[in-house]
Structure formats: structure tokens, C-alpha cells
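One-letter residues, chain by chain:
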Amino acid sequence: MRAVLTWRDKVEQCIYDLAFKPDGTQLILAAGNRLLVYDTSDGTLLQPLKGHKDTVYCVAYAKDGKRFASGSADKSVIIWTSKLEGILKYTHNDSIQCVSYNPVTHQLASCSSGDFGLWSPEQKSVTKHKSSSKITCCSWTNDGQYLALGMMNGVISIRNKNGEEKVKIERPGGSLSPIWSICWNPSSRWENLWMNRESEDAEEGIDSTYFQELSSTLKAAVYDSQGSEAEEEEPTEEDDNLEEHNDILAVADWGQKLSFYQLSGKQVGKDRLLNFDPCCISYFSKGEYILLGGSDRQVSLFTKDGVRLGTVGEQSSWVWTCREKPDSNYVVTGCQDGTIAFYQLVFSTVHGLYKDRYAYRDSMTDVIVQHLITEQKVRIKCKELVKKIAIYKNRLAIQLPEKILIYELYSDDSSDMRYRLKEKILKKFECNLLVVCASHIILCQEKRLQCLSFSGGKEREWQMESLIRYIKVIGGPPGREGLLVGLKNGQILKIFVDNLFAIVLLKQATAVRCLDMSASRNKLAVVDENDTCLVYDIHTKELLFQEPNANSVAWNTQCEDMLCFSGGGYLNIKASTFPVHQQKLQGFVVGYNGSKIFCLHVFAMSAVEVPQSAPMYQYLDRKMFREAYQIACLGVTDADWRELAMEALEGLEFETAKKAFARVQDLRYLELISSIEERRKRGETNSDLFLADVFSYQGKFHEAAKLYKRSGHEDLALAMYTDLRMFEYAKDFLGSGDPKETKMLITKQADWARNINEPKAAVEMYLSAGEHIKAIEISGDLGWVDMLIDIARKLDKAEREPLLLCARYFKELDSPSYAAETYLKLGDLQALVQLHVETQHWDEAFALGEKHPEFKDDIYVPYAQWLAENDRFEEAQKAFHKAGRQGEAVRVLEQLTHNAVVESRFSDAGYYYWMLSMQCLEIAQDPAQKDAMLDKFHHFQHLAELYHGYHTIQRFTEEPFSFHLPETLFNISRFLLHSLAKDTPLGISKVNTLYTLAKQSKALGAYKLARHAYDKLQGLRIPAKFQKSIELGSLTIRSKPFHDSEELVPLCYRCSTNNPLLNSLGNVCVNCRQPFVFSASSYEVLHLVEFQLEEGISDEEAVALIDLEAPRHRREDRWQEVASGDSQTLRLDETVDPSGDDDPFTAKLSFEQGGSEFIPVVVGRAVLRSMSRRDVLIKRWPPPLRWQYFRSLLPDAAVTMCPSCFQMFHSEDYELLVLQHSCCPYCRRRIDDPGP
């Protein structure tokens, strides 16, 4: 740091105070009883202001720049405007010692020997407060909340805006150390907080500096190291209380000490001895530095922590006041002898660079190491003035006034930014330049170089012929590094740190300013004092070229033939011996790595990404593809890579082209190069053919066609044109050639028309080229039925594939008649049958099946499946039968039946089981399956009856509003109870059955049966919804008689026996074992008795005999004589025949009853002849079953039998159910269907 005097003036009176206008344009001085206003730019006195009658001691400017105030020994304070007009005046009881404006509210504090006042523009009066001692100085905090007062008795009083004392700081010296000057650090709260946090946590950050217009020169060499968190030499204690870091008060007293206090009154650090009486202290406007002047007759610059950095300017008398011009690097001083001196501070750049690590001085006492690639930064706080910095690989050297610190990285990781202290050299050195190596420190002192070990011992020394202008470490093994040295006399030397003898590389006529050596150590670049860049061959000493306007130079560390130099505001990049490429750049080039150029501007180092396009194109112009690729690798745009790839490809430099295309990820060209390389491996050597392929890929089609033709591959040219839809060019190229090629060309043109959505033209072209299938595909996809008809009718029947395709499209386009026409044309009856089946044109299919029986299965099986899917099961069965697929019919019905049971559709289940039984009966006509199918028939008949009956029970228990007669529910539940003695089919609930039986039995008076049902329910798992009802019923039934109502007892019409309601034998008579015949609706026992025919009587004969209806003989004599043994008895027959005639069938019943085994009623011809046709019901089962015959014993009570399912009903019930459902309730035979 050095101070340059800008202007100086002198007045006759002592300068006690001064203040800058906030914009820095004017300077107000307190001189004698006047105020002097100066222009800060050139020191011109603008105007003296008179208003005070005695010496002016103090002056202060408001931060908004609208007014300023002055205080005088005449006890008055005058408020002035920025136009230099006095607008207000007020007084104190004593002389005014100091004034200060609040930086936020612009409230003015004026302090006298005995009190202080607070005035603001909004107030009409001044608020005054007494003071216990003479106030010598005052200062507001940055946020304007507190005012600090310095007093003669060594006390500092901190007051709030209302003048109330909040903190009192008593200095140890008391009145022997009067407080002569105080100042709060003007930096913002958050800036201070950030800075303190940074010092606490050693975060990788850097304080921003504000100096502008700083001149810097590239003197020191560029050395280097890497950076990371560094260890501080002397860690300082930090307070964790955030509020304590916000405001720092600097205090200078006449005990010759400088101290710092927090707002709370706590001292920060220790007192710093000054060795002179301070008269003034002030901060720079950003708070980084402190200016201090006094009895030592000079202004000293300190850091914000109180570390002295140097002298700003020496004077001939005491310095009473000094200030920094706002937001600049100018300083003004006012002295006792009236001298006014205006200085500019020039801060030199102290830094070092090695590859991508840059170390530089910050805030004069800190070193920041910056990684130029990752932008990581680390701060090393030295707490002393940093004089020199050197960095090399993992070493960092920092020269302080009395020592040199050497740091090293924690690890060899290239991204590591953590430094630790390795060595200290506790000696004071004077040097111009500093260089660090792996194990040595190199000091440059004018003409002499000294090599020191890290312990500080001198190992060797070199004496030069001239002043050393430049020095740089160029690498080498640890302890044997090489140095490149440039002298003022133009000599360039190479020195090894372990060798006493310097090697002269070359000698030029002009002084050296900057040096650099290429990566291979073959070339040397020199910038001389004439700003000329000269490049030499080190081995031959030959000057290769030179370029003007250079102030610094750097070789590219990744490319031997590239260097850059800066000068005149431009960056110049030179490759080989090609012309220089220029672009604007401010600053100095200090490094060149790949595509990054490290530039130092003022004192900020930045990495500039520079595309290497210009030198790459220079190599491309000379077809030097490999060299161009090396340049491109340093960093060019994608467009440059593509240009390089194309140029290399046209030059048939496939290796370079492949690498370049890989960079831009162009797979298309990579495939082309790969195919060409494969062809070359197979022995192809025709360069014209390779180049033609390249041109075709690049879109140079005519050039490609010429090369194809020249290489004898006209077919490739034709294929190229057709692929590109350039049919006119293809025709011109083809001329009048082979018809096959012409046809191929038309086909490709049609393909193109198809792709560009011109289908009509494509169809016409396909047809003209004979490509019928493609024409049909387009027409079919677009639904052009008329076009397809036209094509199909024009095609010959021998062209089977196109015709079949037409037929397929006709089917898809819902034109089955045209499809049928096409199949007939082909004679494909199988496809025609399939068409009728798919379109469900069954009549046409049946007609075709009649003519061609071999297609019967292909017709009837799908027909049956269709019928079954549409719930037309009777027709489906017939269709399955016709197709001979009885097994499949049974499986379908079984699945439907199972689904109905699972879904609790028990009525449907009964119907499906009946259908299954009838299907099994039909299959039983096959002798091989007779027995099995008959067993299934009877099983399914039984299940059909169970599910049909249970449907009513299920509705009663599950549906609350279903209506059924109690007698019907009673009969059905009895029927099911007797039928479910062994196994219970899926879906049928015994609980529901017993619950219904119990409830209806109780209601109808069958208490014994009800009690039995309730007892049975106790052993079953009862659903919650029935639990209460069953428990209540079980209790209440105990109060009923233990017998059943006689009206409910069923009668056997064969033996006239009253059967119990709970029959252990099931649904048969307990006496004669005759099975009961139940009504399929009310499940009452019908008055029918089944009989069988005698051997030798066929069903047809039996029916014929019954139809005769022979007259019956009446018996007039009711007396009968009976002879038995030796007695003779005469008996009156009182039996009344209902018909009034003797009935042979009734007689059969009487004489054949009894016994434990069931003996069926067997009748002969005479009995049959005596029967009436209306009294006999016949179940005419198809073979192999025999017919079943039933005789009604109460002819007047009509019974109806369904002719389909042979279920019996009371005629009235049947007629009502048929009216309700329009069909039989059991087999669902519709009333309009003909009988079997």
C-alpha cells in the first residue's frame, strides 16, 4: 500500500474537523471561526462560510446530503443547507465540542463541555441532557439506535435516541486517559454478522472489496498451490451471541491506546498500544479499515481489527482530523498548522497462481485461496500485513513483516481446499519477489536469488548480471525444481534449486517483462519492455515469430503449439504459425489451460472460457485434421465439432471424423463411418464410392450420383434418388432403361405417394405396376369398398392372395355379400362357411350345409354356442345335437347351472338342471353311455326338483316382501326336509329350510313338527338375523301341545293311510311305500297312483287299450256269498263306487297292498281296458326310459301335466302360473310351443 498526494492546501488556522458531503464532491473544513468548502476533485476552495464568532471545533454532514452542522467555541450550533446557506442556530451553555448526525433519522447530536442536545428537523426545540464530564467526541451506531459519548474522565456513555444512558464503559486509566475520539464501524449489521460467522466457521468465502480505480502491475511471478480450509496461526476467541457482533465501537484515548467495544460494553480483544496521542479516528465507509492520526504527525492505516498496515502521509504538525472520501480510496487530513492534504491510496496486488489455484491478499491481512475451476474459496487469517504470497503444487508461502508462514494441503486430492501450517521461518526478509518450491523458499533481491530451506537456513545463492524482472517455477522433482528467470538486460536463465550454476537459455536485446515455456519445454515465449511477444525455439535459439501489443503471455498447458497473450484490451490466441485470433479482454493473461484462460483484472482473478474455434479452422483450412482435432478437444462449440467432423469425413480421415461425430453424438454419421470401415476391411478401396456415400449423407445428391456413376454403381444412385422421392431426377438418370427398373421406380413412387398421404395416386400407381396387394391394403385401410370391388372383379381367380386380402377387407368393412362373392370366385367354400358363421347369417350357412354336409360341424357348433350365449338353450341343444356335440352341451349347461347356484338364482338352477337331465337322456340313447347317462338323468331330475322348491324358501327368508301361502311354504319345507336326509346340494341351506318349516308349522298347528324343527336348528350355526326369532320360537313352542293338527296329515291315495308329518322314510307312504306325487307348485300330495304294465304289454298297446274306454258292469246285488273251509257266509258289501261301477284298478290296490317292500301296482289288459282316458296321465319319456302311468283316484279334481317336463299341477294352479309367466313354471316351455 502506498499513498499518492493528489492535492495540498494550507490555511492560517488549525484544522480541527472536516466532513465530506455524502456524494464525495465537497469537503467542509473547520478552520478558525470559518467553514471552508473545497472541491474534492482538484482542491479548489469553493466558498468560506462565516457564521460563528469563535473557533469552529466540529462539523458533520447528514447522510442524506441535505444539510450539515457546525459547532463552535461561541457555544452555538449552526445548521447549513447543501446550498451552503445557514438556516438555523441554537446554543448550549458551553463551547461545542462535537456534532454528529443520526445516519437513519438525521437527528443531530451536539455535545458541549457540560451537556449534549438532540435536535431533529421535526422538533422546534432542542432536547438537552446533562453530562458528568466534558464530552470530547460522539458517534451514532449504523442503525441510528444508539449514541456513544466519549468524555474527559475516561468514560464512554452509550445513550438511546432519547438520550437515556443504557451502557456505561469506564476505562482503566480514568481521567488520566481521556477519550479523545470514538467511531462506530459503519458496516451493516448483516455484513458484520457474515464476516464474524466466516471467521468462526472458516467457511469457504471471501469478503468483497470495494476499491475502485486501483492500479496493479504484473510484477510478481505466477507461482502456485491448492486451497482449502486453512489453520489460523493464532485463533481468536469468538462470541457466540449474535447481537454482540452487530456494532463495534473503536475508541482512541490519550492513554495512547486503541480499543474496541461491543454495544453491550464488552471489550473485543485487548488494548493496542499506539505510542502517540490520538486526535482522530475514523472508519472507511465500508468498515474494512481505520484511519488514525495524532501527535505522531502522520495518518496511519489500520485494519478493522486494529492491525497497523502503514502510513498514509507524514505531516509537519499534529494531525487533528482525517477522513476517507465516501466509497473511494481517497483520504484527507487536517493538521494543527492548517495543512490540508488529499491522498489517493494505491493497493498493490499481492498474489500467486499455480495452474488452477489462485492465492491473493484480502483486507491486507488475509489470504484467500481460490480454485478457479470449482470456484471454491478458503480464507487464511494472518492478522498481520501480508507482504508476499507464493503458491506451488501443495505448498503456500505467506510473507508477513517479521516471518514467513508455509502451509501445505491435507491431501493430494485435486479438489482438496484444506491447508494446514507446515513451517514458520521467524525472520524478517526484504525481497522483491517470493517463490516457493516443494522444500525451499526462493527470495529475489534485486540481482540476487537466495534459496532457503523451510527452517530458514540459506542453502545457496545466485548473483545475476542485471535486475531480476521475472521468475517462475517450471516444475521438476521435489528438491530439484527448475526456475525460469528473466533479467532486465534481456538474458533468460534456467536455474535448478539444487545447482549453483545457472543455464543461459538465450539473450535478447530488450528487457524481459514476462516469460513462459511450452509444455514440452521446446519453445519459449518472452514479452519484452517494448510490448512485443517473441517466441523462440529453445534448442536452436531461433526466433520463430513475434507479435506486437503484448503485456503478458502464457502457453496452453494441453497443446504444444498454442499460446495466448494479452495487451491493449485484447486477448490474442495464436496456433502454430497461423495468424493471430483476437477478442476483447481486460486485464492480464496469467495462465492457459485447455479452453480456460486465467485473467487477472485489477486484483480479481477469473477463469475465462474461450472457444478454440479460430485456431481449429486455421488447421482445417490446411487439411490438418489431426491437429484440428487436438485444438477442438480444448473446447469448441458443437457447431465447430460438426464442421470438423464433416471436413474430416470429406477428406476421408475417418478416425478423426469418428471421434468428432462421437462428440456431437451423431449416430447417423457414426454408422456411415462404421460401415465404410467394415467395407475397407473387406478389401474395398474405391475412394469415389466412399466419398459418394459421404456426399449422399450430406445432401449433395447430384455430386454423389456422379461419383456413383463414375465408380460403376448406377444402381446406388437410382436407389438414392428413389429413397429421396426425387423421381424426376431418377427418371432423367435412368433414361430409357430396363422395364423392370422402370416398374421398380413406379413402385417406389407409389410408396412415396402413400407416405405423403396421397393414397389415390398411390393406388393407381401400384395397380399400374402390378402391385395389387399394396393397392388393396391402401383401399382397405381407407374403407374404399368400391375400389376393392373393382379390383376384386378385375383380378383373375388364379391370383389367390390378392383375392383373399380383398375378402378380408370386405369382412372388416361390413360388406359380407362382396366377401361371399369373392370366396365363390375363389371356390373357397370353407372360408364362405366361416364368413356366414362370423356374420351370423345362419340361414345361408344352413343352406350351404345342406348341400355340403362335410361343413356341418363348422356351422352347427358355432350356432349352438351363439344360441347358448343368447339364452336360447333348447335351440342350442338341438344345434349341439345336430353337430354331435352332446358333451359340450352338457358342459355348458353344467357351468350355467353352477353359476346360477353360486349367484343364488335357484329357479334358474332348477331349470338348468332339468335341461341337463333331458340332455343326458338324449345322450343315453347311445348304448355305450346309457347307464352313466341314466344315472345322471335321475340325479339332475332330483336336483331340479330340489332347487325349484328351494327357490320359494330362499325368497321367503331373504326377501322381506315376498308373498307365499303358509300351506305352500309348509309343504315345500317338508318336501325338502325329507329329500335332504343324506346330502345337501350346494347353495341349499338347511337352516333356511328348518326355519321356514318351524315357523309355518307353528302357524298351521303342527306343533310337534315345529318343535322338532326348532330342536334341529339348535345344532346348526344360525345367522344373526334369525337368532332372536329362533330363540323366541324355541321357547314359545314349549307352551304348545305336543301333537300335530290332523288337517295337515298327508293321505296315501293307494292304501288310504294317514302318514305322519315327519316321515323317516322320506316322501313315500309309511305303509305301502308308494312314492307320493307332489304338485310342482303347491307341493301338495296329488291323488295319483303310479302303476306299471304287465309283461308283454307295450306302451302303444296300453294307450290303445285305455283309449277304448270299455263300459263297466254295474252290480245290482250288494250281497255276497263267501265260502271258506266248512263255513258259508253271506255279507252285505257297503263299499260305494264313486262312479257307481266296479273299478278293477281299485281292486288291484286292495289286494296288492302291504309288506315292508314296495310292490308297484301292475295292471293287465283288462284293467287297462276298464280305465278312462281322462283318469290316466302318462309321462311319455323318450327311449331308453319306459313311460310312466298314473291313475287319478279323484277324477273330479283336475290334474294337469306339462307335456315337456311331465311335472304335475292342480289344473287351476297351472293355468294361473301360465297366465303369469306365459310358460310352464318348471321347464319354461312357452304356451305357444307345440307339444313333444
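Residues numbered from 1 in each chain as written. Predicted model: local features only at pLDDT ≥ 70, side-chain atom pairs only at ≥ 80, totals over all residues. Heavy atoms only, no water.

Quick note on the threshold: UniProt positions are given in the numbering used here, feature names are shortened, and annotations may be inferred rather than shown by experiment.
As recorded in an unreviewed UniProt entry, the protein goes by the name Intraflagellar transport protein 122 homolog, listed as coming from Chinchilla lanigera. Looking at the protein in UniProt, the text filed under Subcellular location (unreviewed entry) is "Cytoplasm, Cytoskeleton, Cilium basal body".

## Looking at the overall build of the protein
Inclusion rule: Each helix corresponds to a stretch of at least 4 residues labelled H or I by DSSP, and each strand to a stretch of at least 2 residues labelled E; elements are numbered beginning at the N terminus. A simple rule labels every residue: compare its accessible area, found with a 1.4 Å probe on the protein chains alone, to the largest value its type can have, and call it buried under 20%, exposed over 50%, or partly exposed in between. Contacts: residue pairs with any heavy atoms within 4.5 Å of one another. Throughout, the Shrake-Rupley method with a 1.4 Å probe supplies accessible areas, and for residues the shown protein chains are the sole cover considered.
Looking only at helices and strands, one finds 31 helices and 63 strands in the protein. Across the 1236 residues that make up the protein, the buried fraction comes to 52%. When contacts within the protein are restricted to residue pairs at least 6 apart in sequence, those whose partners lie at least 24 apart make up 47%. Accessible area of the protein: about 57300 Å², with a carbon and sulfur share of 48%.

## Some words on the packing of aromatic side chains
How two aromatic rings sit relative to each other is given by the distance of their centres and the angle of their planes. Note the cut-off: Note on aromatic contacts: the rings of Phe and Tyr and the six-membered ring of Trp form a pair at centre separations within 6.5 Å, being stacked when their planes are under 30 degrees apart, edge-to-face when over 60 apart, and tilted otherwise. Over a ring means this: the NZ of a Lys or the CZ of an Arg is within 6 Å of the ring centre and within 35 degrees of the ring normal.
For the coordinates displayed, the defined rule picks out 32 aromatic pairs. Ring plane angle 20 degrees and centroid distance 5.6 Å describe the contact between Tyr 289 and Phe 347, whose orientation is recorded as stacked. Taken as a pair, Tyr 289 in strand 23 (residues 289-294) and Phe 347 in the loop between strand 28 (339-346) and strand 29 (351-354) lie far apart in primary sequence, 58 residues in all. Grouping residues by exposure puts Tyr 289 and Phe 347 together as buried. Through pairs of rings, three or more aromatic residues link up here, namely Tyr 16, Tyr 57, Trp 180, Trp 254, Trp 318 and Trp 320. The ring of Tyr 330 carries the charged tip of Lys 325 above its face, separated from the ring centre by 5.4 Å.

## Things to note about empty space enclosed by the protein
Convention followed: Only protein atoms enter the calculation, which uses a 1 Å grid: trapped sets of points that fit a 1.4 Å probe without letting it out are cavities, open sets showing protein on both sides within 12 Å along at least five of seven lines are pockets, and any residue with an atom within 4 Å of a point is a lining residue. Grid points are joined across faces, edges and corners, and a volume is the space filled by probe spheres set on the points. The residue classification treats Ala, Val, Leu, Ile, Met, Phe, Trp, Tyr, Cys and Pro as nonpolar and Asp, Glu, Lys and Arg as charged. All others, Gly included, are polar.
By the definition in use, this model includes eight cavities of 30 Å³ or more. Here the second largest cavity defines a volume of roughly 90 Å³. Forming the boundary of the second largest cavity are Glu 288, Thr 303, Lys 304, Asp 305, Val 307, Ser 363, Thr 365, Asp 366, Lys 381 and Lys 383. Looking at side-chain class alone, the lining of the second largest cavity contains one nonpolar, three polar and six charged residues.

## Focus on the pattern of salt bridges
Heads up, the rule is: What counts as a salt bridge is simple: a side-chain nitrogen of Lys or Arg found within 4 Å of a carboxyl oxygen of Asp or Glu.
What the rule picks out here adds up to 36 salt bridges. A salt bridge links Glu 384 to Lys 403, with the shortest nitrogen-to-oxygen separation between them at 3.4 Å. Residue Glu 384 is found in the loop between strand 32 (377-381) and strand 33 (388-392), and its partner Lys 403 is found in strand 35 (residues 403-409); the two are separated by 19 residues along the sequence. A salt bridge links Arg 905 to Asp 908; the shortest N-O distance between them is 2.6 Å. On the basis of relative accessible area, Arg 905 is assigned to the partly exposed category, the value being 29%. Each of Asp 362, Asp 366, Arg 379 and Lys 381 takes part in one network of salt bridges that share partners.

## Describing the sheet that holds strand 27 (residues 330-335)
Short version of the rule: When DSSP finds two or more bridges between a pair of strands, those strands are recorded as paired. Helix axes are fitted only over the stretch in contact, all axes being lines through C-alpha atoms; the angle between N-to-C directions runs from 0 to 180 degrees.
With respect to topology, four strands assemble into an open sheet ordered 1-28-27-26, the strand pairing being antiparallel. If you trace the sheet from one side to the other, it starts and ends with strand 1 (2-10) and strand 26 (319-324), each paired once. The average angle at which neighbouring strand axes cross in this sheet is 20 degrees, direction not considered. When strand 1 meets strand 28, the two strands line up antiparallel, connected through eight bridges. Looking across to strand 28, one finds that Lys 10 is bridged to Thr 339.

## Observations concerning the sheet that holds strand 31 (residues 366-371)
Neighbouring strands of a sheet are bound in pairs by backbone hydrogen bonds; such pairs are parallel or else antiparallel. A sheet is described by the order of its strands in space; here four strands give the open sequence 29-30-31-32, paired in antiparallel fashion. Looking at the sheet topology across the chains shown, the edges are occupied by strand 29 and strand 32. Within this sheet the neighbouring strands show an average axis-to-axis angle of 15 degrees, counted without direction. Examined bridge by bridge, strand 30 (residues 357-362) and strand 31 share six bridges and lie antiparallel to one another. Bridged to Ala 359 within strand 31 is Val 369.

## Digging into the environment of Glu 821
Relative to the helices and strands, Glu 821 resides in helix 16 (residues 816-826). C-alpha of Glu 821 to C-alpha of Ala 792: the two residues are 29 residues apart in sequence and 9.5 Å apart in space.

## Digging into the pairing of strand 26
Within strand 26, five of the six residues are buried, which leaves it mostly tucked inside the rest of the structure. Hairpin geometry of strand 26 and strand 27 is characterised by an intervening segment of five residues between the two adjacent antiparallel strands and by a positive phi of about 55 degrees at Asp 327.

## Examining the pairing of strand 27
A large share of strand 27 lies buried, amounting to six of its six residues. Burial along strand 27 is two-sided: the residues Tyr 330, Val 332 and Gly 334 and Val 331, Thr 333 and Cys 335 are all buried. Bridge count for strand 26 against strand 27 is five bridges, and the pairing is antiparallel. Each residue of the ladder has a partner; that of Arg 323, found in strand 27, is Val 332. Relative to strand 28, strand 27 is paired through five bridges, and the arrangement is antiparallel. Residue Val 331 lies in a different strand from strand 28, and its bridge partner there is Tyr 343. Where strand 27 folds back on strand 28, the antiparallel hairpin that results is connected by three residues, among which Gly 338 adopts a positive phi of roughly 90 degrees.

## Quick notes on unusual backbone geometry
For residues other than glycine, phi is negative in most cases, and the peptide bonds are mostly trans. In this structure, the amide linkage connecting Pro 1183 to the following residue, Pro 1184, adopts the cis form with an omega of 10 degrees. Within the fold, Pro 1184 resides in the loop between strand 60 (1176-1179) and strand 61 (1188-1192).

## Side note on the environment of Thr 993
As a reminder of what qualifies: We call two N or O atoms a polar contact when they sit within 3.5 Å, provided that within protein one can donate a hydrogen and the other can accept it, with sequence-adjacent residues counted only if both atoms are side-chain atoms.
Along the polypeptide, Thr 993 turns up in helix 25 (residues 990-1004). Beyond its immediate sequence surroundings of up to four residues, Thr 993 is in contact with Tyr 950, Ile 953, Ser 973, Leu 976, Leu 977 and Ile 988. Reaching out from Thr 993, the side chain makes a polar contact with the backbone oxygen of Ser 989 at a distance of 2.9 Å.

## Remarks on the packing of helix 23 (residues 930-958) against helix 24 (residues 966-979)
To be explicit about the condition: Note that the term roughly parallel is reserved for angles under 35 degrees, roughly antiparallel for angles over 145, roughly perpendicular for angles of 65 to 115, and oblique for everything else. Left-handed describes a crossing in which the near helix is turned anticlockwise from the far one by less than a right angle; the clockwise case is right-handed.
Put simply, helix 23 and helix 24 touch, their axes get as near as 10 Å, and they point 135 degrees apart. In terms of orientation, helix 23 lies oblique with respect to helix 24. Considering the relative orientation of helix 23 and helix 24, their crossing is left-handed. Of the residues in helix 24, those in contact with His 942, Glu 945, Leu 946, Gly 949, Tyr 950, Thr 952, Ile 953 and Phe 956 of helix 23 are Leu 969, Ile 972, Ser 973, Phe 975, Leu 976 and Ser 979. In terms of residue class, the contact of helix 23 with helix 24 is built from eight nonpolar, five polar and one charged.

## Remarks on helix 24
For clarity, the cut-off: In this analysis, the expected span of each helix is defined as 1.5 Å times one less than the number of residues it contains.
Helix length check: helix 24 (14 residues) gives 20 Å between terminal C-alpha atoms against 20 Å at 1.5 Å per residue, within 8%. Of the positions making up helix 24, those classed as buried are Thr 968, Leu 969, Phe 970, Asn 971, Ile 972, Ser 973, Arg 974, Phe 975, Leu 976, His 978 and Ser 979. Where the residues of helix 24 are buried, they touch helix 23, helix 25 and helix 26 (1007-1018).

## A word on the nonpolar core
Our working definition: Each nonpolar core is a collection of buried residues, namely Ala, Val, Leu, Ile, Met, Phe, Trp, Tyr and Cys, held together in the definition by side-chain atoms within 4.5 Å.
Grouped together as the largest cluster of nonpolar side chains are 61 residues, with contacts concentrated most on Tyr 913, Trp 914, Tyr 947, Leu 976, Leu 1088, Met 1208 and Cys 1224. A per-element tally of this core places helix 22 (residues 906-923) first, with 12 residues. Those residues in contact with Tyr 913 that lie beyond four places of it in its chain are Thr 897, Val 901, Phe 940, Leu 943, Ala 944 and Tyr 947. In terms of nonpolar packing, the next biggest core, distinct from the first, is built from 51 residues, Ile 380, Ile 406, Val 473 and Ile 495 among them.

## Topic: the side chain of Ser 259
On the secondary structure map, Ser 259 appears in strand 20 (residues 257-262). The exposure class of Ser 259 is buried, given its relative accessible area of 0%. A polar contact of 3.0 Å, which involves the side chain of Ser 259, links it to the side chain of Arg 171.

## Structural notes on the confidence of the model for the protein
Segments scoring low in pLDDT should not have their predicted coordinates read at a detailed level. Operational definition: Confidence of the predictor at the level of single residues is captured by pLDDT, which takes values from 0 to 100.
With 81% of its residues at a pLDDT of at least 70, the protein reaches an overall mean of 80. Note that pLDDT drops below 50 for residues 189-245; the model gives that stretch 176 contacts with residues more than four away or on any other chain. In the predicted structure, residues 1114-1118 sits below a pLDDT of 50 and forms nine contacts with residues beyond four places in sequence or in another chain.

## As for the side chain of Ser 917
Structurally, the position occupied by Ser 917 is in helix 22. Given a relative accessible area of 0%, Ser 917 falls into the buried group.

## Some points on the environment of Val 1068
Relative to the helices and strands, Val 1068 resides in the loop between helix 27 (1024-1036) and strand 56 (1088-1093). Overall, Val 1068 belongs to the buried group, its relative accessible area being 19%. Sequence separation of Val 1068 and Cys 1052 is 16 residues, and the distance between their C-alpha atoms is 8.5 Å. In contact with Val 1068, other than residues within four places in its own chain, are Asn 1059, Asn 1063, Arg 1073, Gln 1074, Pro 1075 and Phe 1076.

## Quick word on the packing of helix 23 against helix 25
Two measures define how a pair of helices packs: the angle their axes make with one another and the distance between the axes. Axis separation between helix 23 and helix 25 bottoms out at 10 Å; the angle between their running directions is 75 degrees. Judged by the angle between their axes, helix 23 and helix 25 are roughly perpendicular. Residue-level contacts link Tyr 950, Ile 953, Phe 956, Thr 957 and Glu 958 of helix 23 to Asn 992, Thr 993, Tyr 995, Thr 996, Lys 999 and Gln 1000 of helix 25. Among the residues making up the contact of helix 23 with helix 25, the classes are represented as four nonpolar, five polar and two charged.

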